[in-house]
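One-letter residues, chain by chain:
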Amino acid sequence: MIVPDQNTRWFVAPRKPEAETLARETGCPPLTAHILQQRGIETASEIMAYLHPSYDHLADPALLPDADLAVRRLRKALEQEEIIYIHGDYDSDGITSAALWTRLLEMLGGRVLTHVPHRLRDGYDVRSGFIETARTAGAALIVTADCGSQRHEEAAAAARSGIDVLITDHHEVGRTLPKAVAVVNPQRADSKYPFRHLSGVGVSFRLLELLVRDLALPVGKYRDAFVELAAIGTITDVMPLLGENRVIAKAGLSAMGSTRRRGLRALMRVAGLADAKPVASSDIGFMIGPRINAIGRIDEPSKALELLLTRDDATAQALAVELDQANRDRREQEAAILADAIRLIEDAHSHPTPCIVLAAPGWHRGIIGIVASRLVERYYRPTALISTDPETGIGRGSCRSIPCFNIHEALLECSDYLIEFGGHAHAAGFSIAADAIPSFREALNKAAMERLNPEDLVPSVAIDAEIALADLDRQLLQTFADMEPFGHGNDEPRLGTFGVPVRSSRRIGKDGAHLRLELGSRSDPPTSAVMWHRGDWADRISPNSRIDLCYHIRPDHYRGPERIQLRLLAVRPAADHPRKELSR
């Protein structure tokens, strides 16, 4: 039998009687009301807003901090034909932000230059070298997109050069703000904007909507033209797909199926997404986003920007092929670094610490963040991977964390050992002197021990609802389709079924990498279930045994009429775990 982790805890969300009342008030199925209640969406009006997201649910962009100052300065730059220099970032959020700013300001007649930094050559965020580049180019205004909130020295250097700086960002702010003409960031303590979880491109999308409105131009046309860019950045930056992000993602995905952007169409083709097929959030998260991010990790991110801006089909196709190849190369390097990291962990033979902190020369700085995520999935520990440079003695680190540990706060506590750092609660980056790594490792683990108890480091399987296999039908598929787009903060519903009879178990796919089960009693039609990358479990699941399952559901059109297929997320022996474990 199989046990992914002997200590994994399983929980089923308890049903509340209020769900039935909410279902009657809203007309949604009781299961939907139950799941939304568990996610903090607890009133009829909240449920209706969730099920029917609309631009009407967006706050007034004028509530963004310094929004009025930003619009005023942008209008001045446009009216006086000043050179505006956009500074984006090398990830998908920063690249879509830069594309949005560039295209709209050009459409408004602006004189625009755009820079997205190279991850290795330029480093993260605005640097002094860019300020000099902007000065030489004659720029009067720098606009940061998805960066800049903690670049005090660079903002001061720009001011000394006679250049104004307008910061648009969504990352954590420091104790003080850079001296800029505007710092438009909903994370500011004094922000009156009611939704704090916009992506970088989400902040840009809303601010530029205010500019369009201030210029008395049609806001609806602006939204239609640019919401797909905002959706890509929002989904790929793993922002919670609730509230305003849900509105942006839903509208953007709807627009993407008929996109007029030649580069995006070409990228969808090389990723295997048919032009006519409705685009899902998973398509962005697993097909489009990784290709945009890959070029920024191991090559020139400017190629992704050019892809999103080009009006030439041949250029679009060539760039899409380059992004696709970069993603293949990224996967190969990721696998090699992951194998190195696992070997370092398992060779240590030491008592496990709350955090994993590993360093090695030669690890690609653009890929260690992805590998850190893989290690969090495998070991369920906050993880920091550091790529060191023997020539300079400097390491560049990337962190990923578990839900109950704010890695940005922990880095702040360890900042005496760091050269610089920045990021979010669950993902961050930093630079460090190589000889400070042991002290940093000790300090980070100390911070974790003060914040975490042993149970926090035990992974759990959270099930939204227990259901019988006989109750899985097309209506349930449609019910869950109405909850799209899925993503961070709005996970696809996880269903649980317990004590399920196993009819057969076998390997499928290339080299038998995946697992297929046929489930259910012999008197009923079989239910098919698959689990990716777990083909080795096939020999450990015996026919006629019983197992507990956590899964998503999918339509299965293979070999005949449509059926329901289970996409397994977790499996365990049914007899080994008492039922009292099933609720929090």
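Shown above is the structure to which this text applies.
Residues numbered from 1 in each chain as written. Predicted model: local features only at pLDDT ≥ 70, side-chain atom pairs only at ≥ 80, totals over all residues. Heavy atoms only, no water.

Novice: Tell me about the overall build of the chain, and name the residues and values.
Specialist: A tally of helices and strands in the chain yields 18 helices and 18 strands. For 584 residues, the compact-globule estimate of 2.2 N^0.38 gives 25 Å, and the chain sits close to it at 25 Å. Summarising its shape, the C-alpha atoms of the chain cover approximately 80 × 55 × 50 Å along the three principal directions. Put simply, the chain has 584 residues, and 53% of those count as buried. Long-range pairs, those at least 24 residues apart, make up 66% of the contacts in the chain between residues at least 6 apart in sequence. Measuring between centres, the 70 positive side-chain charges of the chain sit 3 Å from its 78 negative side-chain charges. (Helix = DSSP H or I, 4+ residues; strand = E, 2+ residues; numbered from the N terminus. Rg over C-alpha atoms; globule rule 2.2 N^0.38 Å. Buried < 20%, exposed > 50% of the residue type's maximum accessible area, 1.4 Å probe, protein only. Contact = heavy atoms within 4.5 Å. Lys, Arg positive; Asp, Glu negative; His and termini not counted. Charge placed at Lys NZ, Arg CZ, Asp CG, Glu CD.)

Novice: Any chance you could break down the pattern of salt bridges for me, citing the residues and the numbers?
Specialist: Enumeration according to the criterion identifies 36 salt bridges in this entry. With a closest N to O distance of 2.8 Å, R188 and D66 form a salt bridge. In this pair, R188 sits in the loop between strand 6 (182-184) and helix 8 (200-214) while D66 sits in the loop between helix 3 (44-51) and helix 4 (67-79), placing the two residues 122 residues apart along the sequence. Between R206 and E209 there is a salt bridge; the shortest N-O distance is 3.1 Å. With R206 and E209 both in helix 8, this residue pair falls three residues apart, about one helical turn. Note on R206: relative accessible area 1%, which makes it buried. (Salt bridge = Lys/Arg side-chain N within 4 Å of Asp/Glu carboxyl O.)

Novice: Go over the pairing of strand 2 (residues 83-87) with me, naming the residues and quoting the values.
Specialist: Most of strand 2 sits out of view: five of its five residues are buried. Neither face of strand 2 is open: one carries I83, Y85 and H87, the other I84 and I86, and all of them are buried. As defined by bridge partners, strand 2 adjoins strand 3 (residues 111-115) across five bridges and the pair is classed as parallel. Looking at the pairing, I86 lines up with T114 of strand 3. Taken together, strand 2, helix 5 (residues 92-107) and strand 3 form a β-α-β motif whose crossover is right-handed. For strand 2 and strand 4 (residues 139-145), the ladder comprises five bridges, and the chain directions are parallel. Its bridge partner being in strand 4, I83 is matched across the sheet by A139. (Pairing = 2+ DSSP bridges. Right-handed = clockwise from strand over helix to strand, strands pointing away.)

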